[in-house]
Amino acid sequence: LVFTEEDKYGLYSNLLFKYFLAEGVVCGHDLFVASAKEHPDNILKELPAPLLDDIYRSELGEETAAVKTEDFQDSMKIAWRYQNLPKMEASPTTSTKFGHYYDVSKTMSPELFQSIKWHSFYLPEELSLQPKMKTCNMNSAYTRLLQSIQRIIYQEGFDGSDPQKKKKNILRIGIQSLGSVLWGDDICSSDTPEDIHSLTKFLYVLRGLLRKSLSACIITVPTHLIQNKAIMERVTNLSDTVVGLESFIGSERETNPLYKDYHGLVHVHQIPRLNSLICDVSDTKDLAFRLKRKLFTIE
């Protein structure tokens, strides 16, 4: 479960959200996109186009000045006794990069979508289909979303606890702006919300579903609107990866010469812990992002 704290205007978190889904399309995963704001079909139409290896190298060449290999080799003199040995290929000849790169100035071609299955959950449509329902202090929108995710996991064969359904594919779930007023949650709009545990209960059940199925999920939340710090701590504990995006738009950092090349900061609050009780906190605290002409980069 990847939890993303949205930047104030949701510009960059939306981009990160689309990257996660685009990677799913390129890898041939099934998608499930849920939103209360923008129709999932429109989100999928706006996914960035993947850059192929050779195109990527030329794009990168445009964006950054290449380091001259001769200078590099001169500065890295090898011990004399190794000089005459045949040069070994340190890395395999195939591409060693992890994941894919995307061009944010272009959208993905419809042909790529034809190879994958995708499911959408648009809250206004779902609410018009069924009357209001509310279970155990969880609001109706979250209840419906959980039922929908559960149905897809079981029907499409992503349930890991059923050995009969041996499906090797992965379901990628994307939920946009969870916790916002559009989802019927009042956690952002008042100090004493009526359904104070709605969001945490939802995440608790969702995490259980993710744990026993072949699925991964990204959620974006407008955390700058949530005043209650105790809820935010619980939400962090219920997630595996927690990343916050802080945009410079409208802040004094926008004019700070130190950040002149960047558009915002990335805060890694939590990274997954495996076989450990304590959370591993990243050593690198100074991550910044910038949106170039074609690429969104974190440096």
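Everything in this summary refers to the structure shown in the same document.

Calculation notes
- Residues numbered from 1 in each chain as written.
- Predicted model: local features only at pLDDT ≥ 70, side-chain atom pairs only at ≥ 80, totals over all residues.
- Heavy atoms only, no water.
- Helix = DSSP H or I, 4+ residues; strand = E, 2+ residues; numbered from the N terminus.
- Buried < 20%, exposed > 50% of the residue type's maximum accessible area, 1.4 Å probe, protein only.
- Areas by Shrake-Rupley, 256 points an atom, 1.4 Å probe, with all protein chains shown as cover.
- Salt bridge = Lys/Arg side-chain N within 4 Å of Asp/Glu carboxyl O.
- Pairing = 2+ DSSP bridges.
- Axes fitted to C-alpha atoms, helices over the stretch in contact; angles between N-to-C directions.
- Contact = heavy atoms within 4.5 Å.
- 1 Å grid on protein atoms, 1.4 Å probe; cavity = no way out; pocket = protein on both sides within 12 Å on 5 of 7 lines; lining within 4 Å.
- Points joined across faces, edges and corners; volume = space filled by probe spheres on them.
- Nonpolar A, V, L, I, M, F, W, Y, C, P; charged D, E, K, R; others polar.

Let us look at the overall build of the chain. Scanning the chain from terminus to terminus reveals 10 helices and 11 strands. Here the chain holds 299 residues, and 43% of them are scored as buried. Summed over its atoms, the accessible surface of the chain is roughly 17,600 Å², and 55% of this surface lies on carbon and sulfur atoms.

Moving on, we get to the pattern of salt bridges. In the structure shown here, the tally under the stated rule is seven salt bridges. Salt-bridge contacts for K117 lead to E156; the nearest nitrogen and oxygen are separated by 2.7 Å. Remark: E156 occurs in the loop between α8 (140-155) and β6 (171-175) and K117 occurs in the loop between α6 (110-114) and β5 (118-122); sequence separation between them is 39 residues. The class for K117 is partly exposed, based on a relative accessible area of 43%. Here D240 and R207 are joined by a salt bridge, their closest N and O atoms 3.1 Å apart. Of the two residues, D240 is situated in the loop between α10 (229-237) and β8 (241-247) and R207 in helix α9 (residues 198-211); the sequence distance between them amounts to 33 residues. Both residues of the pair, D240 and R207, count as buried. Each of the salt bridges in this network shares a partner with another, and the network as a whole consists of R207, R211 and D240.

If you trace the nine strands from one edge of the open sheet to the other, you get β5-β2-β6-β7-β1-β8-β9-β10-β11, paired in mixed fashion. Of all strands in the sheet, those bounded by a partner on one side alone are β5 and β11 (296-298). Recorded for the sheet is a direction-independent mean angle of 20° between the axes of neighbouring strands. In this sheet, β5 lies alongside strand β2 (residues 30-35) in parallel orientation, the contact comprising five bridges. In the sheet register, A34 faces β5, and the bridge partner there is F121.

Now for the side chain of S215. Along the polypeptide, S215 turns up in strand β7 (residues 215-221). Look at S215 and you get buried, because its relative accessible area is 15%. If near-sequence neighbours (up to four positions away) are discounted, S215 is found in contact with I153, I170, L171, I173, L209 and L210.

Moving on to the layout of surface pockets. Its volume calculated, the largest pocket comes out at about 870 Å³. Lining the largest pocket are 27 residues, with L16, Y19, F98, H100 and I298 positioned closest to its centre. Where the lining of the largest pocket is concerned, the elements lending two or more residues are β1 (2-5), α1 (11-26), α3 (53-63), β4 (101-107), β7, β8, β9 (264-270) and β11. Residue composition of the lining of the largest pocket, grouped by class: 18 nonpolar, five polar and four charged.

From the geometry alone we can't say anything about function, so treat these as descriptive.
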